[in-house]
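Structure at a glance
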Amino acid sequence: KSVTDVSSVTSITLIFSPFLSSIDSTIFLTISFIVLILFYYFSIVFHIAFLFCKIIAGEIPSTKVYEDEYVYAFNDINPQAPVHVLIVPKTHIDSAKDFNEENSEIASHIFLAASKIAKQLNLNDGFRIVTNSGEFGCQTVHHIHFHLLSGRQLSAEMA
Ligand code: 5GP
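The text that follows walks through the structure, step by step, so that each part is easy to find. (Residues numbered from 1 in each chain as written. Predicted model: local features only at pLDDT ≥ 70, side-chain atom pairs only at ≥ 80, totals over all residues. Heavy atoms only, no water.)

1. Regarding the pattern of salt bridges
Basically, it comes down to this: Only one rule defines a salt bridge in this text: a Lys or Arg side-chain nitrogen within 4 Å of an Asp or Glu carboxyl oxygen. Any residue under 20% of the maximum accessible area for its type is buried, any over 50% is exposed, and the rest in between are partly exposed; the area is computed with a 1.4 Å probe on protein chains only.
All told, the structure shown has four salt bridges when counted by the stated rule. Across the salt bridge formed by E67 and K64, the nearest N and O atoms sit 2.9 Å from each other. D94 is paired through a salt bridge with K97; the nearest N and O atoms lie 3.8 Å apart. Taking the relative accessible area as the measure of exposure, K97 reaches 60% and is therefore exposed. A network of salt bridges, in which partner residues are shared, links K64, E67 and K90.

Okay, structure coming up:
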């Protein structure tokens, strides 16, 4: 995607270059560079923000664990425990700070799904559910998701 972005900026630059010949080339190159950086930045931000939407839509492959009308759950690509499932609402909200009176039923769908997944995976010895929110919470993907961790004795240090 980034390569496409770079080539499209290059094409735009080439198309408009004859019209901009009167402008000082240093200014032109500086503007092109800034546009390129902005393209790059927004393509990364857009990709991260909508990563889980693409996984839910099947545009990015994932190992599905559970799905219903409201929720999609799949194995984490970088598991922190033998069982590490990400439970994601199909409605895009950024993080736990964005719950309100209108969308709070999403939380109950998540925890209902977690209970079903725990039964499905026979997590009889227990599990942990974590959601990271914002910078201090170390959230990296800005589509609210709940980590369901189990399969070994988890550390008592956090929560
Ligand atoms: P956060 O750090 O935002 O709480 O959690 C994001 C999680 O998403 C991380 O545990 C990370 O391993 C996982 N993740 C990031 N990209 C992908 C991906 O493309 N596929 C899957 N299955 N998990 C991902």
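2. A word on the site of the ligand
For clarity, the cut-off: A single heavy atom is enough: if one lies within 4 Å of a molecule or strand, its residue is considered near that molecule or strand. Think of a polar contact as two N or O atoms within 3.5 Å of one another; within protein, one of them needs to be a possible hydrogen donor and the other a possible acceptor, and neighboring residues in sequence only count if both atoms come from side chains. With a 1 Å grid spanning the protein atoms alone, the term cavity applies to any set of points in which a 1.4 Å probe fits but cannot get out, the term pocket to an open set with protein on both sides within 12 Å along at least five of seven lines, and the term lining residue to any residue with an atom within 4 Å of a point. Should more than half of a molecule's atoms lie within 2 Å of a pocket's or cavity's grid points, that molecule is taken to sit in it. Per the convention used, a helix needs a DSSP run of H or I reaching at least four residues, while a strand needs a run of E reaching at least two, with both numbered from the N terminus.
Lining the immediate surroundings of the ligand are 16 residues, of which D76, N132, T140, H145 and H147 lie closest. Here a nitrogen atom of the ligand sits 3.3 Å away from a polar atom, N or O, in the main chain of I77. Within the side chain of H145, an N or O atom sits 2.9 Å from an oxygen atom of the ligand. The cavity that encloses the ligand is the largest pocket. Counting residues per element, the ones that place at least two in the shell around the ligand are α3 (51-56) and β2 (71-75). Ranked by residues supplied to the shell around the ligand, first place goes to α3 with three residues.

3. Points about the sheet that holds strand β1 (residues 64-67)
What counts is decided by this rule: In this scheme, strands are said to pair when DSSP sees at least two bridges between them. Angular values range over 0 to 180 degrees, each being the angle between N-to-C directions of two axes fitted as lines to C-alpha atoms, with helices fitted over their stretch in contact.
Taken in spatial order, the five strands make up an open sheet running β1-β2-β3-β5-β4, and their pairing is antiparallel. In this open sheet, the two edge strands, each paired with only one partner strand, are β1 and β4 (128-130). Within the sheet, the average angular offset between the axes of one strand and its neighbour, ignoring direction, is 20°. Across five bridges, β2 lies against strand β3 (residues 83-89) in antiparallel orientation. Along β3, the bridge assignment pairs Y72 with V88.

4. Overview of the layout of surface pockets
This is how it is decided: Grid points are joined across faces, edges and corners, and a volume is the space filled by probe spheres set on the points. Polarity classes work like this: nonpolar for Ala, Val, Leu, Ile, Met, Phe, Trp, Tyr, Cys and Pro, charged for Asp, Glu, Lys and Arg, and polar for all others, with Gly in that last group.
Empty space within the largest pocket amounts to approximately 870 Å³. Around the largest pocket, the lining is made up of 32 residues, and of these D76, Q80, H84, N132 and H147 lie nearest the centre. Contributing elements (two or more residues each) for the lining of the largest pocket: α3, β2, β3, β4 and β5 (146-150). Considering each element in turn, the lining of the largest pocket owes the most residues, three residues, to α3. Tallied by class, the residues present in the lining of the largest pocket amount to 16 nonpolar, 13 polar and three charged. Empty space within the second largest pocket amounts to approximately 190 Å³.

5. Quick word on the pairing of β1
In this sheet, β2 lies alongside β1 in antiparallel orientation, the contact comprising three bridges. Within the sheet, the bridge partner assigned to Y66 lies in β2 and is A73. In this structure, the hairpin formed by β1 and β2 is closed by a connection of three residues.

6. A few points about the nonpolar core
Most often, soluble globular proteins have nonpolar side chains that are buried together. To keep it simple, the criterion reads: Throughout this description, the term nonpolar core refers to a set of buried Ala, Val, Leu, Ile, Met, Phe, Trp, Tyr and Cys residues connected via side-chain atoms within 4.5 Å.
Judged by nonpolar contacts, the single largest core of 18 residues is most densely connected at V85, I87, I117 and L148. Breaking this core down by element, the ones donating at least two residues are β1, β2, β3, α4 (105-120) and β5. Ranked by residues supplied to this core, first place goes to α4 with six residues.

7. Considerations on unusual backbone geometry
Excluding glycine, most residues fall at negative phi; most peptide bonds, likewise, are trans. Phi angles above zero are rare outside glycine, and N122 is one such case at about 55°. By the secondary structure assignment, N122 is in the loop between α4 and β4. In this structure N122 comes out as exposed when scored by relative accessible area, which is 55%. Of note in the backbone geometry, C138 takes a positive phi value of approximately 65° without being a glycine. Taking the relative accessible area as the measure of exposure, C138 reaches 55% and is therefore exposed.

What is shown is where atoms sit, not what they do.
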